[in-house]
Amino acid sequence: MPDVQSNIHFLAKDNVYKKEKPYTLRYPSEDELPQTNFNPEKHENITIHDLRGQESSFSYEKNGFTVMQLNSQMAYADFGSREMIKTFFLKEVGAMLRSVLGASIVQALEYIIRKRDPEFPVSTGRTYHYNQPTSMAHIDATPPCTVATVKNLNEEKASEYLKYRFQYVNIWKPLRGPLRDWPLALCDPTTVEVDSDLMPADLVYSDYVVENYQVHFTPKQKWYYLDNQLPSEIIVFRQTDSDTRAGLGVPHASFENPLSSPDESPRESIEARFLVYYK
């Protein structure tokens, strides 16, 4: 189990956030408003523990994350097709979530393909063709944002669906493997304090806003990754849960892995987000 030490970025505990909410614009600002007021800080030599061989010690119910097996009919080349991803992959994952989590209804929200540029994380000054790894710790949605998503997605059925227990769930897997280049790190939410470690923030798009959680660092937090992750291994992790007794969402980020070989191809991965409901 090769535990490693690496760097992860967190939101600084800046006094400015006592007066204004953290935000970042996901479109070019056309006025004097700064593109973001995020003040990231890099914390070095964070121990990131390997899940390999101890997967059974963690559970989706307690820790908010688990590793599932998915023998997809999708070949590597198929992930270059939006139609194939929507028609086959998202449906395969939806069926897996229904089966393993016991969900009654599964709704796919979106997916993102990331392919690390060989120069990343060094800025090249040019636009990347694909999304790059995210090195700043965060949770993708807050509970109020998830409720708004349920309403926007379901319209007439929203009032019915909001009566169920529902979760915002992420899945993540490499497109090639075994993967060591810039893997995904997960923070055990049982080591996170919601009032002191999490800060609601706005991701502002041209026509909508997503509220997520940015994360403040504390030494108490425990981080994990899956060494040599295979394309058939799907990391499933909770972001929100309407049952407040279930615990927090899982903070996550990618990190530069010191065990990665210079000969390894840059990371290629897919992540997808779902709403799951339990009747």
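Reading the values: rules and limits
- Within each chain, residues carry numbers counting from 1 in the order of the written sequence.
- Since the coordinates come from a predicted model, pLDDT governs what is reported: local features require at least 70, and pairs of side-chain atoms require 80 or more to be given and counted, while whole-chain, interface and lining totals use all residues.
- Computation of side-chain values: all heavy atoms of the structure, hydrogens and water removed.
- Salt bridge, as used here, is a side-chain nitrogen of Lys or Arg placed within 4 Å of a carboxyl oxygen of Asp or Glu.
- Counting from the N terminus, the helices are DSSP H or I runs at least four residues long and the strands are E runs at least two residues long.
- Buried means the residue's accessible area, taken with a 1.4 Å probe over protein chains only, is under 20% of the maximum for its type, while exposed means over 50%, and partly exposed covers the values in between.
- Among buried residues, those of type Ala, Val, Leu, Ile, Met, Phe, Trp, Tyr and Cys that are joined through side-chain atoms within 4.5 Å constitute a nonpolar core.
- Throughout, a residue-residue contact means that at least one pair of heavy atoms, one from each residue, lies within 4.5 Å.
- Fitting one axis to the seven residues ending at a residue and another to the seven starting there, the bend at that residue is the angle between the two axes.
- Pairs of N or O atoms within 3.5 Å make up the polar contacts considered here, provided that, within protein, one atom can donate a hydrogen while the other can accept it, and that residues adjacent in sequence are counted only when both atoms are side-chain atoms.
- The span you would expect from a helix comes to 1.5 Å times its residue count less one.
- The directions from the helix axis to the C-beta atoms form the arc being described.

### Quick notes on the pattern of salt bridges
Right, so step 1: The final tally for this structure, using the stated rule, is 16 salt bridges.
Right, so step 2: A salt bridge links Asp181 to Arg116, with the nearest nitrogen and oxygen atoms 2.8 Å apart. Linking Asp181 in the loop between β7 (165–174) and β8 (184–187) with Arg116 in the loop between β5 (105–115) and β6 (138–139), this pair joins segments that are 65 residues apart in sequence.
Right, so step 3: Asp181 gets classed as buried once you look at its relative accessible area, which sits at 6%.

### A short note on the nonpolar core
Taken as a class, soluble globular proteins show a tendency for nonpolar side chains to be buried jointly.
Right, so step 1: In terms of nonpolar packing, the biggest core is built from 26 residues, with Ile85, Phe89, Leu97, Ile171, Val236 and Phe274 touching the most fellow members.
Right, so step 2: Elements supplying a minimum of two residues to this core: α2 (82–101), β5, β7, β12 (233–241) and β14 (268–278).
Right, so step 3: Of all the elements, α2 adds the most residues to this core, at 7 residues.
Right, so step 4: Ignoring sequence-local partners within four residues, the contact set of Val236 consists of Tyr60, Gly64, Phe65, Thr66, Met68, Met96, Leu97, Val169, Asn170 and Ile171.

### Overview of α2
Right, so step 1: Along its length, α2 reaches its greatest deviation from straightness, about 25°, at Phe89.
Right, so step 2: All of the buried residues along α2 are Ile85, Phe89, Leu90, Glu92, Val93, Gly94, Met96, Leu97 and Leu101.
Right, so step 3: In this structure, the buried side of α2 is in contact with α1 (60–63), β4 (65–69), β5, β7, β12 and β14.
Right, so step 4: Looking one or two residues past α2, Gly102 carries a phi angle of roughly 75°, positive in sign.

### Concerning the side chain of Asn37
Right, so step 1: Its place among the elements puts Asn37 in the loop between β2 (23–25) and β3 (40–50).
Right, so step 2: Within polar-contact distance, the side chain of Asn37 engages the side chain of Glu20 at 2.9 Å.
Right, so step 3: If near-sequence neighbours (up to four positions away) are discounted, Asn37 is found in contact with Tyr17, Glu20, Lys21, Pro22 and Tyr23.

### Overview of helix α3 (residues 143–154)
Right, so step 1: For α3, built from 12 residues, the straight-helix expectation of 16 Å at 1.5 Å per residue is met to within 8% by its first-to-last C-alpha distance of 17 Å.
Right, so step 2: The complete set of buried residues in α3 reads Cys145, Thr146, Thr149, Val150 and Asn154. Burial along α3 is one-sided: seen end-on, the buried residues are contained in an arc of 145°. Residues of α3 that are exposed and point over 90 degrees away from its buried face: Pro144 and Asn152.
Right, so step 3: Downstream of α3 by one or two residues, Glu155 has phi in the positive range, about 50°.

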